[in-house]
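# Working through the structure, step by step
These are the residues of each chain, in order.
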Amino acid sequence: MKRENQKRDEYLKRAAAIAFALMLWQAAAMALSQRLLLVSPIQVAVRLGSLLLEGSFWRTVLYSFLRIEAGFLLGLFAGAVLAAAAARFSLLEILIWPFMTAVKSVPVASFIILSLIWLGASGLSVFISFLMVLPIVYFNVLEGMKSTDRKLLEMAEVFAIPWGRRMRYLYLPQVKPFLLSACRTALGISWKAGIAAEVIGIPDGSIGERLYEAKIYLDTADLFAWTLVIVLLSALFEKLFLWGMKKGFARLESA
Amino acid sequence: MKQIIISHLCKSYGGEPVLSDFSAELPVGEVTVFMGRSGCGKTTLLRLLMGLEKPDSGTVSGVPKAMSAVFQEDRLFEAFHAVANLKGALGKDADEQAIREHLSQLELTGEALKKPVLELSGGMRRRVALARAVLAESGILFLDEPFDGLDGVTKKKAAEYVKRHREGRTVLLVTHDRAEAESLGGTIIFMDKEGENHGREN
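Residues numbered from 1 in each chain as written. Chains lettered and ligands numbered in written order. Predicted model: local features only at pLDDT ≥ 70, side-chain atom pairs only at ≥ 80, totals over all residues. Heavy atoms only, no water.

Turning to the interface of chain A and chain B, a few remarks are in order. In this complex, chain A contributes 18 residues to the contact, which on the side of chain B involves 23 residues. When chain A packs against chain B, the two sides together hide about 1800 Å² of surface, and 67% of this comes from carbon and sulfur. It is Val158, Phe159 and Tyr169 of chain A in chain A that bury the most area against chain B; as a group they hold 39% of the surface buried on that side. Measuring nitrogen to oxygen at the nearest pair gives 2.6 Å for the salt bridge that ties Arg47 of chain B to Glu154 of chain A. The interface formed by chain A and chain B contains 6 residue pairs in polar contact (both at pLDDT 80 or more). In terms of residues, the side of chain A that touches chain B owes the most to one element, helix 7 (residues 150–158) of chain A, which gives 7 residues. (Contact = heavy atoms within 4.5 Å. Buried area = accessible area lost by both parts, 1.4 Å probe. Salt bridge = Lys/Arg side-chain N within 4 Å of Asp/Glu carboxyl O. Polar contact = N/O pair within 3.5 Å; in protein donor to acceptor, adjacent residues only side chain to side chain. Helix = DSSP H or I, 4+ residues; strand = E, 2+ residues; numbered from the N terminus.)

Time to look at the UniProt feature "domain: ABC transmembrane type-1" (unreviewed entry) in chain A. The positions UniProt marks with the feature "domain: ABC transmembrane type-1" (unreviewed entry) are residues 57–241 of chain A. In the segment residues 57–241 of chain A, helix accounts for 88% and strand for 0%; the C-alpha atoms at its two ends are 23 Å apart. (UniProt positions renumbered as here; feature names shortened; annotations may be inferred.)

Let's shift gears to the pattern of salt bridges. Where charged atoms from two side chains of opposite charge come close, those side chains can pair. Enumeration according to the criterion identifies 24 salt bridges over all chains in this entry. Between Arg150 of chain A and Glu154 of chain A there is a salt bridge, with the nearest N and O atoms lying 3.1 Å from each other. On the criterion of helical spacing, the pair formed by Arg150 of chain A and Glu154 of chain A is a turn pair, its members being 4 residues apart in helix 7. Given a relative accessible area of 9%, Glu154 of chain A falls into the buried group. Where Glu154 of chain A meets Arg75 of chain B, a salt bridge forms, and the shortest distance between an N and an O atom there is 2.8 Å. Of this pair, Glu154 of chain A sits in helix 7 while Arg75 of chain B sits in the loop between strand 5 (67–70) and helix 2 (82–90), each in a different chain. (Buried < 20%, exposed > 50% of the residue type's maximum accessible area, 1.4 Å probe, protein only.)

Turning to the UniProt feature "transmembrane region" (unreviewed entry) in chain A, a few remarks are in order. Residue and element names in this part refer to chain A. Here, the residues flagged by UniProt with the feature "transmembrane region" (unreviewed entry) are residues 57–82, 94–118, 124–142 and 223–242. Here residues 57–82 is 100% helix and 0% strand, with 37 Å between the C-alpha atoms at its ends. Here residues 124–142 runs as 100% helix and 0% strand, with 27 Å between its end C-alpha atoms.

So, about the domain arrangement of chain A. All names here are of chain A. For chain A, the domain assignment lists domain 1 (1–33) and domain 2 (39–254). When each unit is reduced to the centre of its C-alpha atoms, the spacing between domain 1 and domain 2 is 30 Å. The interface is formed by 4 residues belonging to domain 1 together with 6 residues belonging to domain 2. Between domain 1 and domain 2 lies a buried interface of about 400 Å² when both sides are counted; carbon and sulfur atoms form 73% of it. Together, Trp25, Gln26 and Ala29 form the three largest contributors to the area buried by domain 1 at its contact with domain 2, with a combined 92%. In this structure, the connection of domain 1 to domain 2 is made through 0 salt bridges. (Domains from an automatic or database assignment.)

This part covers the packing of aromatic side chains. For the structure shown, the criterion picks out 15 aromatic pairs over all chains. Here the aromatic rings of Phe65 of chain A and Phe237 of chain A are separated by 5.5 Å at their centres, their planes lie at 85°, and the arrangement is edge-to-face. Separated by 172 residues along the polypeptide, Phe65 of chain A in helix 3 (residues 55–88) and Phe237 of chain A in helix 10 (residues 220–254) bring together distant segments of the chain. The class for Phe237 of chain A is buried, based on a relative accessible area of 14%. Aromatic side chains Phe77 of chain B and Phe80 of chain B sit 6.4 Å apart centroid to centroid with 75° between the ring planes, which places their arrangement in the edge-to-face category. Three or more aromatic residues link up through ring pairs in this structure, and these residues are Phe65, Phe72, Trp191, Phe237 and Phe241 of chain A. Between the NZ or CZ atom of Arg88 of chain A and the centre of the ring of Trp163 of chain A, over which it lies, the distance is 4.4 Å. One cation-aromatic arrangement involves Arg75 of chain B over Phe71 of chain B; the distance from NZ or CZ to the ring centre is 4.1 Å. (Phe/Tyr/Trp six-rings, centres within 6.5 Å; stacked < 30°, edge-to-face > 60°. Lys NZ or Arg CZ within 6 Å of the ring centre and 35° of its normal.)

Below you can see the structure in the form of structure tokens.
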């Protein structure tokens with residue numbers, strides 16, 4: 001009971017903090033009274049409402065959402081598979097190392113330009129989101145695989161447990177926290193980088209194009225409204241994805 | 001009779017000899033017990049026989065290929081419950097019914113089977129590890145202090161359980177306890193410091 005109360009108190013405090021921040025924002029906008037520089041939260045809410053009624057809104061959201069999440073899922077899959085392979089074959093690990101390190105350290109803007117030359121605008125956010133996610137998942141999962149209990153590996157050796165069962169019973173539970181934390185980081189970054197790529201490449205019908213237009217027309221209300229949409233989409237998908245992943249792990253462990 | 005032949009095994013860790021010039025011949029299909037105080041090289045000997053370590057010199061031959069073991073630690077899949085632990089280690093060697101039957105012979109039933117092994121008591125975990133080794137389709141069982149952490153009555157039952165399901169397999173038991181050494185029958189080899197072979201008893 002006490003814990004529940006504490007939790008409710010925490011929520012109330014946070015809600016109050018948000019209300020306070022919104023009030024501060026509203027006050028600043030009113031004091032400045034320059035719609036061009038700072039719109040008020042009320043104006044943003046009104047703009048968001050009218051966006052929701054536009055037919056093209058959902059098409060635009062879907063366009064960017066599908067591409068960025070496709071990039072994320074591809075990066076997750078490739079990163080995990082490569083890490084598993086690298087953990088098993090050390091030659092592969094050293095061969096992959098320069099590529100992963102390069103992808104990790106090259107500024108995303110360079111990749112965006114490169115991918116515009118290679119792929120054109122429509123595949124842009126898939127590729128950029130993929131590139132951002134790949135090294136995060138790869139390095140985390142590799143670390144998880146390497147942190148696997150040596151004694152448990154010896155046991156598997158003695159019992160001659162084949163690779164598939166080792167994966168499920170031995171590696172997966174060890175990698176789980178690494179994979180979850182990698183996904184948490186990667187989900188946020190894939191959105192940020194994916195949208196940045198769209199703003200530079202301006203693919204037709206993307207959220208990035210709408211942000212670009214907001215810049216051209218100095219439409220701060222549009223900018224804020226679309227930004228809110230991006231944050232909400234990213235948070236929603238993150239929650240949903242992590243929930244599904246935890247469910248999946250729980251099923252694997254109970255069987 | 002087929003034998004496991006251990007000849008002139010030497011092993012040291014960081015210049016500190018653990019086994020020096022250890023030799024023995026162990027009958028295949030029988031129980032052999034290595035007895036001695038801790039630090040006399042018993043565990044190292046088992047590890048060499050299991051192929052988990054390379055000897056500095058000396059050779060081992062005749063160890064059956066299919067192995068199973070109870071290690072000094074339980075070495076379980078912590079997040080999984082007991083039945084899943086055995087399934088994970090044994091695969092098609094054992095079906096779920098056989099697994100449950102074996103666990104119940106070790107008095108692991110009901111609630112104990114519903115929790116991840118992480119949440120089980122030390123004695124229960126030990127018995128899960130024991131059932132895993134016994135149920136595996138192996139030619140040789142390595143038992144390194146397998147009854148540690150079990151109380152008197154359970155210890156006796158666990159020893160009976162191993163005897164009942166040995167089925168002609170070679171058993172190598174390591175212990176520091178005389179009563180445990182005698183619990184499975186077989187030959188006892190007394191080991192002293194650095195694995196000096198101090199005679200045997202049948």
